[in-house]
Structures are given as C-alpha cells and as structure tokens.
Amino acid sequence: MKDEEIIQLLENPENHEKAFRGILKAYKEKLYYHVRKIVIDHDDADDVTQESFIKIWRNLDKFRGDSKLYTWLYRIATNEALTFLQKKKKDQGISIDDNEGLVSHLESSKSDTYMDGEEIEIKLQKALLQLTDKQRVVFNLKYFEELKYEEIAEITETSVGGLKATYHFAVKKIEEFLTKN
C-alpha cells in the first residue's frame, strides 16, 4: 500500500485500522532498522519499535497531512528511540552524552545474528557511537536513509542549517575516529 492510499484511508476514522495495517506492512522493517541504528541492541530496538507503533496507532487521528507520512512516522520512532536512550542512560547513571555502554554492548554482540560481524561494520558502528545521539540520528538519516535535509528537518524538527552543521560535525568525528583506529 502506498502512502497516498494510507493517507486517504486516514481521512475516515472508520478506515484507521486498515490504514494502520498498511503502515505496519510498509514501515515495520524500515522503522526497526532506523531505531536499531540508534539504540544498537536488537531487543531494545524491538521494544522501541513496538512502542513507536503503539504511539502511531494512538495518534492516527492527529495526522493532518502537514508533513509526509513517512516523516511523521520517522519522527515518532526517532523520538521514542532518543527517549529510550535517555531513560536507559539515566537508569544506569550514565551521562546523557556517554555512549560507552553502547560500545561495550557492540563489542559483546559480535556474534549477534542481527548484526553483520565484519570488522569494518563493527569499526563503523564504534565510530557512530562516538557521536552524540542527535548527531547519530542525523548521520543515519542522511547517510544510510539518503533523506534530504528538508525531510530530516521535518523528522527532527530542526532547521536545515542546523542539520547541515550537525551532519558536518558528525562526518568529521567519524573520519577522525576511523583514521585513529
């Protein structure tokens, strides 16, 4: 089902269940991998993705079509992932900008069947974990999802200029990490 069809279904509250099934079918895997790149752990990504879809279901009547459907969905998933990370770091007594626990998890999950164990992949993931959560989200959306700055701005509710700066700093940090290691 295409986004346009889903949006048409959302116009009538009686079709929300069918629209939600269309959203699930079209976006479940995409949102899972987006969330997974943010939270790293498979089980955490599953939980956050599930919470994202619960929030989407509860807010279907609030989608007004001001933004594209996928940017609305990605915004919800991104916010859920970032909220999850902040809560996890707070619960573990870790600084909000400290991703050391995620790096440790990454190193211990080399045999994780959901993550490519190739050394270059591990090295890139470690480099990404050197970024702040916001830098990592922006980098993932721009580099891996190949979204335009305007689309990322809708998802993150940030200005295009701010995103360009964030992306630039993220790339520099990654390059610096990869050349040192």
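Residues numbered from 1 in each chain as written. Predicted model: local features only at pLDDT ≥ 70, side-chain atom pairs only at ≥ 80, totals over all residues. Heavy atoms only, no water.

### Looking at the overall build of the protein
When its secondary structure is counted, the protein shows 9 helices and 0 strands. For the protein, the N- to C-terminal ordering of α and β elements is α-α-α-α-α-α-α-α-α. Out of the 181 residues in the protein, the part that is buried amounts to 45%. When contacts within the protein are restricted to residue pairs at least 6 apart in sequence, long-range pairs at least 24 apart make up 65% of them. Put simply, the protein shows about 10300 Å² of open surface, and 48% of that area lies on carbon and sulfur atoms. (Helix = DSSP H or I, 4+ residues; strand = E, 2+ residues; numbered from the N terminus. Buried < 20%, exposed > 50% of the residue type's maximum accessible area, 1.4 Å probe, protein only. Contact = heavy atoms within 4.5 Å. Areas by Shrake-Rupley, 256 points an atom, 1.4 Å probe, with all protein chains shown as cover.)

### Structural notes on the pattern of salt bridges
In the structure shown here, the tally under the stated rule is 11 salt bridges. Here D66 makes a salt bridge to R64, at a shortest N to O gap of 2.9 Å. Relative accessible area serves as the criterion here: at 66%, R64 is assigned to the exposed category. For the salt bridge of E176 with K180, the shortest nitrogen-to-oxygen distance reads 3.7 Å. Separated by 4 residues within a single helix, E176 and K180 lie in helix α9 (residues 160-180), roughly one turn from each other. Residue E176 is classed as partly exposed on the basis of its relative accessible area, which comes to 45%. Residue K180 is classed as exposed on the basis of its relative accessible area of 65%. Members of the salt-bridge network, linked through shared partners, are K89, D133 and R136. (Salt bridge = Lys/Arg side-chain N within 4 Å of Asp/Glu carboxyl O.)

### A short note on helix α2 (residues 16-39)
Over its 24 residues, α2 runs only 29 Å from end to end, short of the ideal 34 Å by more than 12%, given 1.5 Å per residue. Along α2, the sharpest kink reaches roughly 55 degrees, centred on Y27. Residue I40 follows α2 closely and has a positive phi angle near 75 degrees. (Expected span 1.5 Å × (residues − 1). Bend = angle between axes of the 7 residues up to and from the residue.)

### A short note on the packing of helix α7 (residues 133-144) against helix α8 (residues 149-156)
Running from N to C, α7 and α8 cross one another at 140 degrees; their axes reach a closest spacing of 10 Å. Taken as axis vectors, α7 and α8 run oblique relative to one another. Between α7 and α8 the crossing geometry is right-handed. Note on element contacts: α8 touches α7 through Y149, I152, I155 and T156, opposite V137, V138, L141 and K142. (Axes fitted to C-alpha atoms, helices over the stretch in contact; angles between N-to-C directions. Parallel < 35°, antiparallel > 145°, perpendicular 65-115°, else oblique. Left-handed = near helix turned anticlockwise from the far one by under 90°.)

### Some words on the side chain of R36
Inspection of the secondary structure assignment puts R36 in helix α2. A polar side-chain atom of R36 sits 2.3 Å from the main-chain carbonyl oxygen of I40. (Polar contact = N/O pair within 3.5 Å; in protein donor to acceptor, adjacent residues only side chain to side chain.)

### Considering the packing of helix α6 (residues 119-128) against α9
Remark: α6 packs on α9, axes separated minimally by 9 Å, with the N-to-C direction vectors making an angle of 130 degrees. Of the possible angle classes, the one that applies to α6 and α9 is oblique. Crossing of α6 over α9 shows right-handed handedness. Between α6 and α9, the contacting residues are K123, L124, K126, A127 and L128 on the first element and I174, F177 and L178 on the second. Residue composition of the contact of α6 with α9, grouped by class: 6 nonpolar, no polar and 2 charged. (Nonpolar A, V, L, I, M, F, W, Y, C, P; charged D, E, K, R; others polar.)

### Some remarks on the nonpolar core
One finds I23, Y27, I56 and L69 to be the most contacted residues of the largest nonpolar core, which totals 45 residues. Going through the elements one at a time, α1 (3-10), α2, α3 (42-58), α4 (69-91), α6, α7, α8 and α9 are the ones with two or more residues in this core. Once residues within four sequence positions are removed from consideration, I23 is found in contact with I6, K28, F53, I56, L60, L69 and L73. (Core = buried A, V, L, I, M, F, W, Y, C linked by side-chain atoms within 4.5 Å.)

### Overview of the environment of F20
Within the secondary structure layout, F20 lies in helix α2. The class for F20 is buried, based on a relative accessible area of 13%. C-alpha separation for the pair F20 and F53, spaced 33 residues apart in sequence, amounts to 8.9 Å. Residues within four places of F20 in sequence aside, it is in contact with F53, I56, W57 and L60.

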